[in-house]
Amino acid sequence: MYADGSTDLLKGCACGAKLFFFIRKEKLEEQQKLAESIKLSQEEKIQMEQDVLGMLTSRMDYDAPVVLDLEAVRVLRPGQYELDLVHLFQGQPLIYRLEEGKYVIDLAESFQQLRKNV
Amino acid sequence: MISLIKDFFSKFLKDLFKKKKHLRMGLYGPPNGGKTTLANRICKDWLGEEMGAVSSIAHETREIQIKEQINIKSKGKELTFNLIDTPGIATKIDYEEFMKVGMVEKKAKERAKEATKGVIDAIKWLDDMDIVIIVLDSTLDPYSQVNITIIGNLQAREIPVLIVANKIDLKKANIKRIEAAFPQYDVVGISAKYGKNADEFYEALFVLAG
């Protein structure tokens, strides 16, 4: 959040964007008070999430296309995976992304695939 | 010129060996389409035994299953093939989906890991298939990324394909929707569970195998 007259508004924020959302001070205080007055337990938060997700036609959007960067398999967290099928079908190097900047490459498999394609 | 000669010999040798071995027929498709139920139907009809376990929970088959030398006969014709049942292909695998049906977290995560490896293995095996049967749940929308990617790739590899619209015993089944989605391939509607239209399916296999 940037104060009125901040030089960042002219230079742009840390992410490089120069588009800012304006909110009046009174409105901001009002929202902060409202947020503070609602204290939710972890169970309540989970229940809310489940209720909302239950209202959606599909929970995790299994139909949404998955197009990954250079990796074939992205591990979101233990037990949750996204697979780039086009990448796998094309026989490109088998690269797993564990997290931002952390990759594991199956070299043996990648070389085998390379030999097949030659 | 050299590459033309090389291509000719490689095709000649490939064809020569292809004729000697049994056909390898792969069952492919998204999870819960009924691949293993169909594999069991084929095995029960022609070998008198089942091939693998089926479950209403997705990703029950997480390893490639092979049944060798299945011999089917129809109207004086005979066809022998090795049947390869593959894990369901998916773009997203989430252990929480397994937990929703009562699986404990540790087991669900393990299943998700195995299912992910299963998808990679299934795709790897595609190069070894002579013909492919795509098994789709006819009650679901066929226009999914998984279906389109699988079928598009098979078409590019020029592998003969037959699409099976499974679960036609269910009210919501819609074969026409699948036919409209993939007009380039023959579609056979069956109920692998109850054996409905199995004869038509076997007939289509003969046509596919040439």
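Preceding block: the structure.
What you see is a predicted model; the values in this text were computed from it and never measured.

K.L.:
In this structure, what is going on with the sheet that holds strand E5 (residues 131-137) of chain B? I would like to understand it.
P.N.:
Whenever strands of a sheet pair, they do so through backbone hydrogen bonds, lying parallel or antiparallel. All names here are of chain B. The mixed open sheet is built from 6 strands, whose spatial order is E2-E3-E1-E5-E6-E7. Looking at the sheet topology across the chains shown, the edges are occupied by strand E2 (65-74) and strand E7 (186-189). When the angles between neighbouring strand axes are averaged without regard to direction, this sheet yields 30°. With 4 bridges joining them, strand E6 (residues 161-166) and E7 adopt parallel strand pairing. Across the sheet, residue isoleucine 163 finds its bridge partner in E7, namely valine 187.

K.L.:
Help me out: how do you make sense of unusual backbone geometry in this one?
P.N.:
Of all residues except glycine, most have a negative phi; of all peptide bonds, most are trans. All names here are of chain B. Positive phi outside glycine occurs at glutamine 69, with the angle close to 50°. With respect to the helices and strands, the residue glutamine 69 is situated in strand E2. Positive phi, close to 60°, is recorded for glutamate 158, a residue that is not glycine. Relative to the assigned elements, glutamate 158 resides in the loop between helix H5 (145-157) and E6.

K.L.:
Honestly, the sheet that holds strand E4 (residues 102-105) of chain A in this entry has me stumped. Any pointers?
P.N.:
Taken in spatial order, the 5 strands of this open sheet run E4(A)-E3(A)-E1(A)-E2(A)-E4(B), and their pairing is mixed. Looking at which strands have only one partner, the edges of the open sheet turn out to be E4 of chain A together with strand E4 (92-94) of chain B. Along the sheet, successive strands turn relative to each other by an average axial angle of 20°, direction set aside. Sheet topology places strand E3 (residues 95-99) of chain A next to E4(A); 4 bridges connect them, and they run antiparallel. Opposite Arg97(A), over in E4(A), you have Tyr103(A) as the bridge partner. Against the sheet, helix H4 (residues 105-125) of chain B engages strand E1 (73-77) and strand E2 (80-83) of chain A together with E4 of chain B, with an angle of about 15° to E2(A).

Parameters at a glance
- Residues numbered from 1 in each chain as written.
- Chains lettered and ligands numbered in written order.
- Predicted model: local features only at pLDDT ≥ 70, side-chain atom pairs only at ≥ 80, totals over all residues.
- Pairing = 2+ DSSP bridges.
- Helix = DSSP H or I, 4+ residues; strand = E, 2+ residues; numbered from the N terminus.
- Axes fitted to C-alpha atoms, helices over the stretch in contact; angles between N-to-C directions.
- Contact = placed C-beta atoms within 7 Å.

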